[in-house]
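Listed below, chain by chain, are the residues.
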Amino acid sequence: MATIKIKQIGSPIRRPESQKKILIGLGLGKMNRVVELEDTAEVRGAIAKLPHMVAVVD
């Protein structure tokens, strides 16, 4: 299956609890951390909810 690299570019400080939980679910939580996940609809949906805090890295 294809994979996708996600980098956290925004801080979870002063963000709603739901956004913090999405970050933790993606395996992020600290600035500039990069994770590699399977490219699924669930992961794409989580990225779409946090465009101001995560970026897709090639």
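I will try to describe carefully the structure that is included in this document. Every chain is numbered on its own, with residues counted from 1 as its sequence reads. Under the rules for a predicted model, residues below a pLDDT of 70 receive no local features and side-chain atom pairs below 80 are neither given nor counted, while totals for whole chains, interfaces and linings still include all residues. For side-chain calculations, the full set of non-hydrogen atoms in the structure is used, while hydrogens and water are omitted.

### Some thoughts on the overall build of the chain
Secondary structure elements are defined from DSSP: runs of H or I of at least 4 residues count as helices, runs of E of at least 2 residues count as strands, and each element is numbered from the N terminus. Scanning the chain for helices and strands turns up two helices and three strands. Counting from the amino terminus, helix and strand elements in the chain follow one another as β-α-β-α-β. The C-alpha atoms of the chain give a radius of gyration of 10 Å, which matches the 10 Å a tight globule of 58 residues would have. Principal-axis analysis of the C-alpha atoms places the extent of the chain at approximately 35 × 20 × 15 Å. Using C-alpha atoms as the atom set, the radius of gyration is obtained and then compared with a globule rule of 2.2 Å times the number of residues to the power 0.38.

### Observations concerning unusual backbone geometry
For R14, which is not glycine, the phi dihedral falls at a positive 60°. Only protein chains enter the accessibility calculation, which uses a 1.4 Å probe; a residue whose area is less than 20% of its type maximum is buried, one above 50% is exposed, and one in between is partly exposed. Overall, the relative accessible area of 80% leaves R14 in the exposed class. One non-glycine residue, N32, lies in the positive phi region at around 65°. Relative to the helices and strands, N32 is located in the loop between α1 (17-26) and β2 (34-38).

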